[in-house]
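# Analysis of the macromolecular model
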Amino acid sequence: MLTTNAHPTGRHFLQIPGPSPVPDRILRAISSPTIDHRGPEFGRLGLKVLADMQAIFKTQHPVMIYPASGTGAWEAALVNTLNAGDHVLMYETGHFAFLWNRLATQLGLKTEVLSLPGLEGWRNGVQADLIEQRLKADSGHSIKAVCVVHNETSTGVTSDIAAVRRAIDAAKHPALLLVDTISGLAGADFQHDAWGIDVSISGSQKGLMLPPGISFNALSPKAIEASKACKTPRSYWGWGEMLEMNKTGYWPSTPNTNLLYGLSEACDMLLADGLDNVFARHQRWAAGVRAAVTAWGLAIQCADPAVYSPILTGVMTPEGVDADAVRKVIYERFDCSLGTGLGKVKGRMFRIGHLGDSNDLTLVATVAGCEMGLKLAGVKLAGSGVQAIMDHFSSHPGGLAKP
Ligand SMILES: *Cc1c(COP(=O)(O)O)cnc(C)c1O
């Protein structure tokens, strides 16, 4: 613990890969007075955020907004489209894919998990060719859906979703494509319509730079048809009534008004900046952080440079070094939070988030905190990550100095 009763001075470095640091502008928007969620002003806000989220998901089709964490939206995607006992193909890229599979199993779905063997599955992206082979072998079309995670937050891997779509098409298979982009959306490129996704799932507290508490389903016409035929009992998560009421900007139950003010502000910021600029900024930050990790002589959890995440970087600690002990030193000494290793990589790696309200200097300082903490924990470093990230940022203009 830091000193009791006293809040540390300056800002806490919230460098976990979500919840991400929230810009002051969004916090101020959230602090506006709560309004009548059945009044005319609310309807305008509702219609605005629904349209804005279509732009963020790059879709012409409806987006559902739930007062729930991302896990709720995972469940919503499954209960609206699939029946208990349905055969579902899930690809395990890491702990979040693992948890989604567990949730599906708890709902009574018959899941089949694909992955690369051993730790390789957790160091690489979705292998679309494995999905294609499996679907080609399913000539009776018993598989009803393919579920993949876009940005695997437990490892720092951003899978190629367009390749998964191509694999399903190459197998001429009618399975629905369900994609978790809870941490990918608004940090890495994401194209719901162009990639032929049936349900995209996201949440507020990662790339959207909001506090936790809202989550999303973006739908396709095929998913809406599936939801009408689906027999799974559902009430709160049901799309039907929401689709009707959303047409005028309202919800069946009370939406989180103040977080929606924040969402409106976040969308204004992201869309005014331009999504391509937002994605380029995250790529540049990620490259700077990776330069630091490489200079330390440590391994990056993602083993395939083609799928490095722009949102976070997983850092593997040397054999015999407990990554959580390193994180603890960095938290206690430097007031900086880093992501823990989840599931089977617990203690073997930590995660640096480079999303939300970050900038070059917060990331240089984060790397400095890590470097001091690693040394204090007795890790022998090959070189200075701080120098490497400074060199990277100074030789790759970004931010205000647009070329
Ligand atoms: C954060 C996250 C989740 C879980 O979302 P909650 O809001 O914690 O329920 C699921 N999948 C991915 C990829 C995530 O990053």
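Residues numbered from 1 in each chain as written. Predicted model: local features only at pLDDT ≥ 70, side-chain atom pairs only at ≥ 80, totals over all residues. Heavy atoms only, no water.

### Structural notes on the overall build of the chain
A tally of regular secondary structure across the chain gives 13 helices and 14 strands. For the chain, whose C-alpha radius of gyration is 21 Å, the value lies close to the compact-globule estimate of 22 Å for 403 residues. By its C-alpha atoms, the chain is 60 × 55 × 45 Å across when sized along the principal axes. Out of the 403 residues belonging to the chain, those deemed buried represent 56%. If you take every contact in the chain between residues at least 6 apart in sequence, the share linking residues at least 24 apart comes to 74%. (Helix = DSSP H or I, 4+ residues; strand = E, 2+ residues; numbered from the N terminus. Rg over C-alpha atoms; globule rule 2.2 N^0.38 Å. Buried < 20%, exposed > 50% of the residue type's maximum accessible area, 1.4 Å probe, protein only. Contact = heavy atoms within 4.5 Å.)

### Some words on the environment of Leu342
Within the element layout of this structure, Leu342 appears in the loop between β13 (336-338) and β14 (349-353). Considering only alpha carbons, one finds Leu342 and Thr153, 189 residues apart in sequence, at a separation of 9.5 Å. Residues contacting Leu342, with those up to four places away along its chain left out, are His95, Phe96, Trp122, Ser154 and Arg351.

### Brief notes about the domain arrangement of the chain
The accessible area lost on association of the parts is a frequent measure of interface size. Segmentation of the chain into domains returns domain 1 (13-20 + 274-395) and domain 2 (28-271). Between the C-alpha centres of domain 1 and domain 2 the distance comes to 27 Å. Counting from both sides, the interface comprises 30 residues of domain 1 and, opposite them, 34 residues of domain 2. Interface area, domain 1 with domain 2, both sides summed: about 2500 Å², of which 62% is carbon and sulfur. Area buried by domain 1 at its contact with domain 2 is led by Leu275, Phe279 and Lys344, which between them contribute 22% of it. In this assembly, domain 1 and domain 2 are joined by 12 residue pairs in polar contact (both at pLDDT 80 or more). Listed by contribution, the elements that provide at least two residues to the side of domain 1 that touches domain 2 are α10 (275-296), β12 (312-316) and β14. For the side of domain 1 that touches domain 2, the leading source of residues is α10, giving four residues. (Domains from an automatic or database assignment. Buried area = accessible area lost by both parts, 1.4 Å probe. Polar contact = N/O pair within 3.5 Å; in protein donor to acceptor, adjacent residues only side chain to side chain.)

### Brief notes about the packing of aromatic side chains
Note on aromatic pairs: each is described by the distance of the centres and the angle between the planes. Counted according to the given criterion, the structure contains nine aromatic pairs. Considering the side-chain rings of Phe42 and Trp251, the 6.1 Å spacing of their centres and the 80° angle between planes classify their relative orientation as edge-to-face. Of this pair, Phe42 sits in helix α2 (residues 40-57) while Trp251 sits in the loop between α8 (239-246) and α9 (257-273), and the two are 209 residues apart along the sequence. In this structure, Phe42 and Trp251 share a single accessibility class: buried. Among the aromatic residues, ring-to-ring pairing joins Phe57, Phe190, Trp195 and Phe216 into one connected group. Geometry around Phe96 places Lys206 over its ring, the cationic atom sitting 5.3 Å from the centre. (Phe/Tyr/Trp six-rings, centres within 6.5 Å; stacked < 30°, edge-to-face > 60°. Lys NZ or Arg CZ within 6 Å of the ring centre and 35° of its normal.)

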